[in-house]
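So the chains spell out like this:
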Amino acid sequence: MNLHLVVLLSYALVLMAFGLWIGRRVRGAGDFFVAGRQLGPGLLFSTMLAANIGAGSTVGAAALGYANGIAAWWWVGSAAVGSVVLAFWIGPAMRREAAAHQLRTVGDYLEHRYSAAVRGLAAAILWLGSLFILAGQLWAMGSIIGAVAGTAPWVGCAIGGAAITVYFTAGGLLTAAWVNVLQLGVKLAGFSVALPLALAAAGGWRSLALVQPGTNYWQFWTVSSPGVLTLAVIVPPFIVSPGLLQKIFGARDDRTVNIGVGLNAAGLFAFAIVPVVLGMIARSQFPSLDSRDAALPMILVHTLPPFVGAMGLAAVFSAEISAADAVLFMLTTSLSQDLYKRFVNPAAADSAVLRTARLTAVAAGALGTALAIGLGSVVNALTIFYTLIGVSLFVPVLAGLYVRRTSSAGALATMAAGVGAAIFVHLETGGRGWGALTPAVAGLAAAVGVWMVTLLVFRRTDVK
């Protein structure tokens, strides 16, 4: 009997059962989308940090640590920087807008501030980008279960996809917030035990310092990705990501946002080094892995004692599955509220919107699993998502809050320019960019430039 596999499968069943039990409290779409706007600081903190410590922050960050060294800290550290801005600036302002106008989604906000056309374009971009990040989470689950059971990654993708779909479909944000409390506890306990034991097994810091596969392996301030330039990829989406903003819509008040999201930022700053060191330990123990995504699973399965390794695997599985439910949250709210309710059936009753959201969760889980198998890499999938969300929503959301002259036509032009420039640079350079001009940097620069032009060209005739 494989202890690691038994622990993971049992844990998946516990999450599904707990989610179904919490889901009985859901009475309508308001509970599903914004948890009745009653999330306190503790629940907001746990659901934010659980969502942010996902595949990219564990399997992906360890893979970057394995390949690139200590500068991989910036992958998660950049998310912490974005979270600080969200906690004390953008988050409270967006929460007030949502509460004052009964907004449930970022799409609701974009239509309230601009127009239905802006909402529709944002929903389409969000759907495309969110499928990629869901695929990244599911691929990480597949790599974990594959390392444990010796199965093909698609088997693990299917198991993880089934678990997340069941418990999220039961109750949306309300279910996810409570399940995330359990998941966060497992994550913190697992990594707290796994890191010191893995470091000891590798011979401590002195032995680890001997790992020198490249000249920049121990250079923290490396500029190129995954160094300081990662800020341009990660910070904007962690400020305007609908999956995070819509959790904030469920907060009771601004103080809840400051405390809950602020503690989440502190947690990310502290956690950022953990998967990087584990990846570097994997480099010292397994220097010739075929896939760097296997770095973290190899440490947990082959370096640590079985019970500790099982705890660590449960922690990583928690990371992937909690981030995946945040993505399903984006997908379901975007389709059911921003597309179905707004454009297909404006007269839809609350029960019909709730039913559509649940059906969307099931369909998105299946699509994400299929895409995960096709992409085959955590970091590739997440980079696509972060770039799309950052270049399309960063300027319209912030300008909508603070620059009243920003028009609907200007928002549409900004989104098109940002996405277009990012895609152009990606295709021309194979995703590498031209030095500091990465696809994300090019997209943000184009979005800001076009926005400034539109302030001069378009009048305020369509500004609400």
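As the structure is a computational prediction, the values presented were derived from the model and not from experiment.

**Section: the confidence of the model for the protein chain**
- Counting all residues, the mean pLDDT for the protein chain is 84, and 92% of those residues have values of 70 or more.
- For the protein chain, helix H2 (residues 29-34) is the element with the lowest average pLDDT, namely 66, and helix H12 (residues 254-271) is the one with the highest, namely 96.
- When the criterion is pLDDT under 50, residues 460-464 qualifies, and its contacts beyond four places in sequence or with other chains add up to 16 contacts.

**Quick look at helix H3 (residues 41-52)**
- Under the 1.5 Å per step criterion, the end-to-end length of H3 is 16 Å for twelve residues, consistent within 8% with the ideal 16 Å.
- Among the twelve residues in H3, ten count as buried, and that is most of the element.
- Within H3, the full set of buried residues consists of Pro41, Leu43, Leu44, Ser46, Thr47, Met48, Leu49, Ala50, Ala51 and Asn52.

**Describing the pattern of salt bridges**
- Applying the stated criterion to the full structure yields seven salt bridges.
- In this structure, aspartate 254 engages arginine 95 in a salt bridge whose closest nitrogen and oxygen atoms are separated by 2.8 Å. A residue pair is termed long-range when its members are at least 10 positions apart, and aspartate 254 in helix H12 and arginine 95 in helix H5 (residues 73-101) qualify at 159 residues.
- Its salt-bridge partner being aspartate 338, residue arginine 119 comes within 2.9 Å of it at the nearest N-O pair. Here arginine 119, found in helix H7 (residues 116-149), pairs with aspartate 338, found in helix H15 (residues 306-344); they are 219 residues apart in sequence, far enough to count as distant.
- We classify arginine 119 as buried; its relative accessible area is 5%.
- For aspartate 338, a relative accessible area of 2% puts it in the buried group.
- Each of Asp108, Glu111, Arg119, Asp338 and Arg342 takes part in one network of salt bridges that share partners.

**With respect to empty space enclosed by the protein**
- Tallied over the entire structure, the rule returns two cavities of 30 Å³ or more.
- Volume-wise, the largest cavity comes out at about 270 Å³.
- Lining the largest cavity are 24 residues, with Ala51, Asn52, Ile133, Phe238 and Tyr386 sitting closest to its centre.
- Those elements giving two or more residues to the lining of the largest cavity turn out to be H3, helix H4 (56-68), H5, H7, helix H10 (230-240), helix H11 (242-248), H15 and helix H17 (378-402).
- Sort the elements by how many residues they give to the lining of the largest cavity and H15 lands first, with four residues.
- Taken together, the residues of the lining of the largest cavity sort by class into 17 nonpolar, seven polar and no charged.
- In this structure, the second largest cavity occupies an estimated 60 Å³ of space.
- Taken together, Val106, Gly107, Leu110, Arg119, Ala122, Ala123, Leu126, Pro242, Gln246, Asp338 and Leu393 form the lining of the second largest cavity.

**Let's talk about the packing of H3 against H12**
- The geometry of H3 relative to H12 is characterised by a closest axis approach of 8 Å and an angle of 35° between their N-to-C directions. For H3 against H12, the interelement crossing comes out right-handed. Across from Pro41, Leu44, Phe45, Met48, Leu49 and Asn52 in H3, the residues of H12 making contact are Arg255, Thr256, Val257, Ile259, Gly260, Val261, Leu263, Asn264, Gly267 and Leu268.
- Its residues assigned to classes, the contact of H3 with H12 comprises ten nonpolar, five polar and one charged.

**Things to note about the environment of alanine 442**
- Summarising the element assignment, alanine 442 is placed in helix H19 (residues 439-457).
- Setting aside anything within four residues of it in sequence, one finds alanine 442 in contact with Ala421, Val425 and Leu437.

**Things to note about the layout of surface pockets**
- Looking at the largest pocket, its volume works out to about 770 Å³.
- Contributing to the lining of the largest pocket are 26 residues, with Thr383, Thr387, His426, Gly431 and Pro439 lying nearest its centre.
- Among the elements that take part in the lining of the largest pocket, H17 stands out by supplying six residues, more than any other.
- Along the lines of polarity and charge, the residues of the lining of the largest pocket split into twelve nonpolar, twelve polar and two charged.

**Structural notes on the nonpolar core**
- The biggest cluster of nonpolar side chains holds 134 residues, and the ones touching the most others in it are Leu110 and Ile281.
- When residues in this core are grouped by element, the largest group, 15 residues, is from H7.
- Apart from residues lying up to four places away in sequence, leucine 110 is in contact with Ser115, Val118, Arg119, Ala122, Leu393 and Val397.

What counts as what
Residues numbered from 1 in each chain as written. Predicted model: local features only at pLDDT ≥ 70, side-chain atom pairs only at ≥ 80, totals over all residues. Heavy atoms only, no water. pLDDT = per-residue confidence, 0-100. Helix = DSSP H or I, 4+ residues; strand = E, 2+ residues; numbered from the N terminus. Contact = heavy atoms within 4.5 Å. Expected span 1.5 Å × (residues − 1). Buried < 20%, exposed > 50% of the residue type's maximum accessible area, 1.4 Å probe, protein only. Salt bridge = Lys/Arg side-chain N within 4 Å of Asp/Glu carboxyl O. 1 Å grid on protein atoms, 1.4 Å probe; cavity = no way out; pocket = protein on both sides within 12 Å on 5 of 7 lines; lining within 4 Å. Points joined across faces, edges and corners; volume = space filled by probe spheres on them. Nonpolar A, V, L, I, M, F, W, Y, C, P; charged D, E, K, R; others polar. Axes fitted to C-alpha atoms, helices over the stretch in contact; angles between N-to-C directions. Left-handed = near helix turned anticlockwise from the far one by under 90°. Core = buried A, V, L, I, M, F, W, Y, C linked by side-chain atoms within 4.5 Å.

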